[in-house]
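Observations on chain architecture
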Amino acid sequence: MLCRSKRSKVVERFVEGILTGCSSISILTTLGIIAVLTVESVLFFREVSLSQFLFDSQWTPLFLDKHFGIWPLIAGTILTSAIALALSVPAGLIIAIYVSEFAHERTRKFLKPILELLAGIPTIVYGYFALLVITPLLQKIFPEMGSFNALSAGIAMGIMILPMMASLSEDAIYTVPRSLREGAYALGASKLQMILGAVLPGAIGGITAAVILSAARAIGETMIVAIAAGQQPLLHFDPLQPVETMTAYIVQVSMGDTPHGTLEYHTLFAVAMMLFLLTMVLNVISLLIRERFQRMYR
């Protein structure tokens, strides 16, 4: 009996060590990414001042007349992400309400996998769909629209993140306590009044977290904006004109045409650091909202 207990303890410690090692991989990977971005960004800011990076309105590090203002890339990222969220948030919320509150259980089990299937489509497919299908359709409405523009890229991104928004929102709505629904019905509310007055306020924390996670996913999207939005770092918010996002610029520099170790090469890591900080802030906000939402219904 003693030998068996010792063996079981050894096995438990061995398994615990494996699990600890596996869980540490993500932490070590994140720390490695932060270290690389920090070191390379320091090399960039040795030659470019922080004020020029934050307050210049032009971004032309690959031209003879070099400017290093990050705002054109930030504006392009915000514009395409805002268009994507304007499409995916209301559509995803409507889908989530239907699946959770109106659809039969059999229909719900059928629709959920379909939503997850859309999330598995490669983003490069969405990029060419935006370029070859969405843009020609929009040009019939807006003849002045060019082949590359922020609107078609944003719409394709909205379609891409729609499954995430719908699935996370549906999970938040589905976990609202049944007592809230029954209490609303007991007060004489109709089903629509029950959803708007009881269910959605009860799930607002999870829905807000879904919006923030969807925004982080849109901000970090690469292939769609690289293919359909164009690569012109212009500071504007016109959805009919081409833009360049932070991720699209990273792809442009990573193609191999920029010599290693140059100032132009180090701009890649400065932009990546800005993108990392932006997505990290959004993820932290999402986690804080989710924790608050969970504490409300414990």
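Just so we're clear, the structure is a prediction, and the values are computed from it rather than from any experiment. (Residues numbered from 1 in each chain as written. Predicted model: local features only at pLDDT ≥ 70, side-chain atom pairs only at ≥ 80, totals over all residues. Heavy atoms only, no water.)

For the rest of this paragraph, the subject is the pattern of salt bridges. Pairing is possible between side chains that carry opposite charge, provided their charged atoms lie close to one another. Per the stated rule, a full pass over the model turns up three salt bridges. The partner of Glu-101 in a salt bridge is Arg-181, and the shortest N-O contact between them spans 2.6 Å. Here Glu-101, found in helix 3 (residues 71–102), pairs with Arg-181, found in helix 7 (residues 178–186); they are 80 residues apart in sequence, far enough to count as distant. With relative accessibility at 5%, the residue Arg-181 sits in the buried group. Note that Glu-221 is salt-bridged to Arg-217, the shortest N-O span being 3.1 Å. (Salt bridge = Lys/Arg side-chain N within 4 Å of Asp/Glu carboxyl O. Helix = DSSP H or I, 4+ residues; strand = E, 2+ residues; numbered from the N terminus. Buried < 20%, exposed > 50% of the residue type's maximum accessible area, 1.4 Å probe, protein only.)

Take the packing of aromatic side chains next. In total, this model carries eight aromatic pairs according to the counting rule given. Ring geometry for Phe-44 against Phe-68: centres 5.9 Å apart, planes inclined by 70 degrees, an arrangement best described as edge-to-face. Here Phe-44 is found in helix 1 (residues 2–45), whereas its partner Phe-68 is found in the loop between helix 2 (50–55) and helix 3, with 24 residues between them in sequence. Per residue, the accessibility class of Phe-44 equals that of Phe-68, and both read buried. Grouped by ring-pair contacts, the aromatic residues Phe-44, Phe-45, Phe-53, Trp-59, Phe-68 and Tyr-249 constitute a single cluster. Seen from the ring of Phe-102, Lys-191 lies directly overhead, with NZ or CZ sitting 4.7 Å from the centre. (Phe/Tyr/Trp six-rings, centres within 6.5 Å; stacked < 30°, edge-to-face > 60°. Lys NZ or Arg CZ within 6 Å of the ring centre and 35° of its normal.)

The subject of this paragraph is helix 9 (residues 204–219). Between its first and last C-alpha atoms helix 9 spans 22 Å; for 16 residues at 1.5 Å apiece the expected length is 22 Å, and the two agree. Listing the buried residues of helix 9 in full gives Gly-205, Gly-206, Ile-207, Ala-209, Ala-210, Ile-212, Ser-214, Ala-215, Ala-216, Ala-218 and Ile-219. (Expected span 1.5 Å × (residues − 1).)

The next point concerns a nonpolar patch on the surface. The grouping of Leu-87, Leu-118, Ile-121, Ile-124, Val-125, Tyr-128, Phe-129, Leu-132, Val-133, Leu-137, Ile-159 and Met-223 at the surface amounts to a nonpolar patch, some 960 Å² of accessible area in total. Sort the elements by how many residues they give to the nonpolar patch and helix 5 (residues 123–141) lands first, with seven residues. Summarising the element assignment, Leu-87 is placed in helix 3. (Patch = residues over 30% accessible without salt bridge, like charges linked within 9 Å, V, L, I, M, F, W, Y side chains within 5 Å. Areas by Shrake-Rupley, 256 points an atom, 1.4 Å probe, with all protein chains shown as cover.)

Our next topic: the packing of helix 3 against helix 4 (residues 105–119). With their axes 9 Å apart at the nearest point, helix 3 and helix 4 run at an angle of 150 degrees to one another. Regarding the angle of helix 3 to helix 4, the classification is roughly antiparallel. For the pair helix 3 and helix 4, the contacting residues are Ile-95, Tyr-98 and Val-99 in the first and Thr-107, Arg-108, Leu-111 and Leu-115 in the second. In the contact of helix 3 with helix 4, the residues fall into five nonpolar, one polar and one charged. (Axes fitted to C-alpha atoms, helices over the stretch in contact; angles between N-to-C directions. Parallel < 35°, antiparallel > 145°, perpendicular 65-115°, else oblique. Contact = heavy atoms within 4.5 Å. Nonpolar A, V, L, I, M, F, W, Y, C, P; charged D, E, K, R; others polar.)

Moving on to the side chain of Ser-41. In this fold, Ser-41 is placed in helix 1. Polar contacts involving the side chain of Ser-41 include one to the main-chain carbonyl oxygen of Phe-269, which spans 3.2 Å. Residues contacting Ser-41, with those up to four places away along its chain left out, are Phe-269, Ala-270 and Met-273. (Polar contact = N/O pair within 3.5 Å; in protein donor to acceptor, adjacent residues only side chain to side chain.)

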